[in-house]
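Spelled out from the first residue to the last, the chains are:
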Amino acid sequence: SPIETRILWLPSVQTQPIPSSPLVGPPPEGKTPPTLRPWSITALRLSAQQAVDLLSACVGRDTLGPGLVIGVSLAYWVHVLRFAGALTAREQFLPALRADGEGYRACWQPVRSGGDDPCLRQLADRMPPACRALGTADAPPDQSALAAVTAVVENFVDALVRSAVALPASAALTEPAAVSRARRVVRKASAFASIHDAWLHALRSADGRLSGDAAAARQLAEQIQAWQRPVLLTTAAPFRLCFRLEEPPDNDDAEETDIAAPGDWYVRYLLQGREDPSLLLPVADAWAPKGRIAALLRKSAFEAREYLLTALGQAAGLCPAVEASLKSAAPGGYHTDASGAHAFLTETAWLLEQAGFGVLLPSWWMRGGTRQRLTVRANVKSSAMSGGSGMSLEEIVHFDWQVALGDQLLSLRELETLARLKAPLVRVRGQWVQVSAEEIRAALDLWKKKGENQATVRQLVRLALGADDGPAGLEVHGVQADGWIGELLEHLDGKAAFAELAAPTGFHGTLRPYQTRGYSWLAFLRRWGFGACLADDMGLGKTIQTLALLQREREAGERRPALLVCPTSVVGNWKKEAERFTPALSVLVHHGAERLKGTGFVKKAKDHALVLSSYALLHRDRAILEKVDWSGVILDEAQNIKNPETKQSQAARALRADYRIALTGTPVENHVGDLWSIGEFLNPGFLGTRADFRRRFFIPIQANRDPEAAARLKRLTGPFLLRRLKTDKSIIADLPDKLEMKVFCNLTREQASLYAAVVDEASRAIDEAEGIQRKGLVLGTLMKLKQVCNHPAHFLGDHSPLPGRSGKLARLTEMLEEVLETGDRALIFTQFTDMGDLLQRYLQETFGRQVLYLHGGVSAKQRQRMVERFQNDPQGPRLFLLSLKAGGTGLNLTAAQHVFHFDRWWNPAVENQATDRAFRIGQTRNVQVHKFLCIGTLEEKIDEMIERKKEVASRVVGAGEGWLTELSNDQLKELFALRQEAIGD
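From a predicted model like this one, the values you see are computed outputs, not experimental measurements.

The rules behind each value
- All chains use their own residue numbering, which begins from 1 and follows the written sequence.
- Only residues with pLDDT of 70 or above have their local features reported here, since the model is predicted, and side-chain atom pairs are shown and tallied only from 80 upward, although totals for entire chains, interfaces and linings are computed over all residues.
- For the side-chain quantities, the full set of heavy atoms in the structure was used; hydrogens and water were omitted.
- DSSP calls a pair of strands paired once it identifies at least 2 bridges connecting them.
- A helix here means a DSSP run of H or I that spans at least four residues, while a strand means a run of E at least two residues long, and both kinds are numbered starting from the N terminus.
- Whether two residues are in contact is decided by their heavy atoms: any pair within 4.5 Å suffices.
- The angle between two axes is taken between their N-to-C directions and runs from 0 to 180 degrees, where each axis is a line fitted to C-alpha atoms and a helix contributes only its stretch in contact.
- Orientation categories follow fixed angle ranges, with anything under 35 degrees roughly parallel, anything over 145 roughly antiparallel, 65 to 115 roughly perpendicular, and all other angles oblique.
- Gly is put with the polar residues, along with every residue not named as nonpolar or charged; the nonpolar set is Ala, Val, Leu, Ile, Met, Phe, Trp, Tyr, Cys and Pro, and the charged set is Asp, Glu, Lys and Arg.
- Throughout this description, buried means an accessible area under 20% of the type-specific maximum (1.4 Å probe, protein chains only), exposed means over 50%, and partly exposed covers the range between.
- Note on aromatic contacts: the rings of Phe and Tyr and the six-membered ring of Trp form a pair at centre separations within 6.5 Å, being stacked when their planes are under 30 degrees apart, edge-to-face when over 60 apart, and tilted otherwise.
- We count a charge as sitting over a ring when the NZ of a lysine or the CZ of an arginine lies within 6 Å of the ring centre and within 35 degrees of the ring normal.
- Basic side-chain nitrogens of Lys or Arg form a salt bridge, by our definition, when they fall within 4 Å of a carboxyl oxygen of Asp or Glu.

(A) How the structure looks around the sheet that holds strand β6 (residues 103–110). The three strands lie next to each other as β5-β6-β7, forming an open sheet whose pairing is antiparallel. The open sheet is flanked by β5 (93–100) and β7 (209–210), the only strands paired with a single partner. Of the strand pairs in this sheet, β6 and β7 are connected by two bridges, and their pairing is antiparallel. Considered in β7, the bridge of arginine 105 is made with arginine 209. In the packing of helix α4 (residues 145–164) onto the sheet, the strands contacted are β5 and β6, and the crossing angle to β6 comes to about 90 degrees.

(B) Quick peek at the packing of helix α31 (residues 771–790) against helix α40 (residues 969–976). Close contact between α31 and α40 brings their axes to 12 Å; oriented N to C, the two are set at 10 degrees. With respect to α40, the element α31 is oriented roughly parallel. Across from Arg774, Val778, Thr781, Leu782 and Leu785 in α31, the residues of α40 making contact are Asn969, Leu972 and Phe976. In terms of residue class, the contact of α31 with α40 is built from five nonpolar, two polar and one charged.

(C) Representation of the pairing of strand β10 (residues 265–273). In terms of residue burial, β10 counts as a mostly covered element, since eight of its nine residues are buried. Summarising the sheet, strand β8 (residues 239–246) and β10 pair through eight bridges and their orientation is antiparallel. Looking across to β10, one finds that leucine 241 is bridged to leucine 271. As judged from the four bridges shared by β10 and strand β12 (residues 333–336), these two strands associate in the antiparallel manner. Bridging from a neighbouring strand, arginine 268 pairs with glycine 333 of β12. Bridge count for β10 against strand β11 (residues 280–282) is three bridges, and the pairing is antiparallel. What sits directly across from leucine 270, in β11, is proline 282. Here β10 folds back onto β11 in antiparallel fashion, the turn holding six residues.

(D) Highlighting the packing of aromatic side chains. Under the counting rule described, the total for this entry stands at 20 aromatic pairs. Considering the side-chain rings of tryptophan 364 and tryptophan 365, the 6.1 Å spacing of their centres and the 85 degrees angle between planes classify their relative orientation as edge-to-face. Just as tryptophan 364 is buried, tryptophan 365 falls in that class too. Grouped by ring-pair contacts, the aromatic residues Phe243, Tyr269, Tyr334 and Phe357 constitute a single cluster. Its guanidinium or amino end placed over the ring of phenylalanine 686, arginine 462 lies 5.3 Å from that ring's centre, counting from NZ or CZ. Its end group placed over the ring of phenylalanine 744, lysine 576 keeps NZ or CZ at 5.9 Å from the ring centre.

(E) Representation of the sheet that holds strand β23 (residues 587–589) in the model. Overall, parallel pairing links the seven strands, which are arranged β23-β24-β22-β25-β26-β21-β27 in an open sheet. Taken across any chain shown, the strands that pair with only one partner, and hence form the sheet edges, are β23 and β27 (721–722). Of the strand pairs in this sheet, β23 and strand β24 (residues 610–614) are connected by three bridges, and their pairing is parallel. Within β24, the position partnered with valine 587 by the bridge is leucine 610.

(F) Here's a closer look at the environment of aspartate 916. Note that aspartate 916 resides in the loop between α37 (908–915) and β33 (927–934). A residue is classified by how much of its surface remains accessible, and aspartate 916, at 25% relative accessible area, is partly exposed. As a C-alpha pair, aspartate 916 and threonine 894 span 22 residues in sequence and 8.9 Å in three-dimensional space.

(G) Molecular detail of the pattern of salt bridges. Under the counting rule described, the total for this entry stands at 32 salt bridges. Notably, a salt bridge pairs aspartate 158 with arginine 162, separated by 2.9 Å at the nearest N-O pair. Remark: arginine 162 and aspartate 158 occur in helix α4; sequence separation between them is four residues, near one turn of the helix. Each of the two residues, aspartate 158 as well as arginine 162, counts as buried. Ionic pairing is found between glutamate 579 and lysine 575, a salt bridge with its closest N-O pair at 2.5 Å. Here lysine 575 and glutamate 579 lie together in helix α21 (residues 571–581), a separation of four residues that amounts to about one turn.

Read these as spatial facts, not as claims about activity.
This is how it looks when you write it as structure tokens:
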């Protein structure tokens, strides 16, 4: 493809006068215009097919590769391609022939209808200015956005259709050479038998060029335009034909309890304005328009009669009743009975909408996105409400089915009346309802089975929440019950609050009110054997709520271990938090090369209250994990099992346990399909099979944006998913202004190896050094070990790849994903400029978005611009990297809700100064501070030393890290020594 060089003109800082030009026009009187200087841009010209291929590769992605970010304008064209793809998939295109220079080009022309025009206008309104910066011969840069996007959609549709009907590969690749030569000879002699054959070939060729006689091509183009006219006439008109179904008039003499199926329905023909859909003109008055209607039609230059004959003729092919109405001179609609009205609602209306016609249906049919139909309700008999100590979800109870219309129950007499009417649409107590003979027969059969229906309480819960269909496909409208079953259903449905529990005796800490509610909610679902997904925002304390539950279970007499699976990067963090909040819980870390296996592990696990392991080992050690009788299985960062077909997801579902808990800040990371995988782990079978879930929820919600399906899914998953945000008013009131937490990370094997090498070398050197030389060695070793803890590439300085080599970096990535998912902003501090360079490159490549980086080499002007963008630009970067020295003071960055200290400066005052860039006057939100530490390394040990002397930290620690050089050789060796627990997989 050719490379083009375009010249744009941008203002420079100079202000001397310049001559006026066609580009900028004359300067305003009395004003000195800025000097314009050329800015050369290299552009790659793409064919429509190449553009389709490129944009297809961008769908659902932020980056195309490391460091290759998908910009705003490119992402915009992806949406345009989706629109063109929808037109193509619906086969809304026609073959065409257009003049192209001195010749003709065969193409596939899109035909818009229905709601396509509003969608196209929305795309035009959202077009970034850069999308029209260069322009082409066909689409100059000064054209309107609507014209530009229309031209691009036409090119995309042509490319998509052409690629679907393209000619096979070159004959030379698929045919014998002799056959290929023969074909070329024939084509040279007489390319095609007719101009029509040449046109059909051009429609399938790559460029669409039409060869042959120009006069014949011009004549064919005129014939094609005449052939297209009936279709284009309807799509280009300022009005469209609309069909409105009008129900029979109310009968004031009828009693409210009457059931009837009157037959005087009417489908009225209307002209609906495309620009103003609320403008509706009766077609009966448009055949010979007068007065206001005539004025409206004249104003829009609309030939109503020609349009109506064409449009009604097209609609007649979809609806026989419309065809019958055309026998009258000026049809304005047609009458029908209840069966005809039902057929229009369920079949014809959809066909007409797909063909581009407007359709208006009664409000009772569309109200709330639902249709009023017969439903059934399970009524549990009071005699079955035994309750007592034997309450269980597996208890068998008896119930009767009740038939209802909305909230009103129907009697046997009313059902029998419905059966006699044999009409699909009937009016019951003033409401129209859709029924079928099968539904009525099924409902009558339910009356004959009174006292014969039974199910477990678990099955009734599924019915109550809409997980299962009723008998014969009837929709279930809840379960009515008394006693403990009724109370359980009310709790699950949110109609009654569950009791809040006191924190366990052995829990060391204070639960905030919202944490008490979360812990109590977990205990409530655990009591009944339901799985629970705690989906609190990051920093709200999912860890301590879970630990409180585990402590409560232990104090209640549970002696079996619980298994907690988490990412490798947070295994150490869980161990530290357990030691802090629940020291009485014995914890076994099943992790690393030295972990126990086989019967040794099974025996050891039984001696502990909590076993910590990682997702990496969930599949690898599946055989031995399945041998343990777990009291519960807990998955932290449960989005790791969002793909149900992965081996670790399958291994998680295979574990035996009384209860299951999923912890995640992003329960739906990509799409609602993630919920099925997590739900199947928590409550197997509750959401149905994967195929059922896809049919009932995934396709309606993801593809069709169906609010009814979304509401059903929310009702079904809501009782088992607790999602709370920091923006909730009840949560904000519970949080401190500044919430500080330590994030304990493990070293990778590579980091541990480098760490040990540095310690070995330093230990020998420090034994032989004295005075200033010794202090220098200590500080140098501290620096090296901190670099190793950050990342091997930071220590080695070799520009090697970053992913998968640092526990800190892995954990930072996981936490920033959640920050960006919730729309928050974050500051990330490091004391090393070169580590900042590595982080900026890595984060930009990982998240596909700009990351600001402020360090000592940034000018004052650039510094101010960075701060302004981060603080005030809604579309600006949401991650701000800062070196501790350059960004630790003098900045106001209150747009940030998170502060990350990637590496530690062992002086609390310095760290607090950096944190106060976000936590300062003007901050209106809570700030979460995350301090990263590598467990089992000097980082953890120095932190412990500071915590022990926190009350005199400023005097003991001093202004920097020099106080560490005063430690004895033995103390330094102990400080540097690497504990086994530091090493991850």
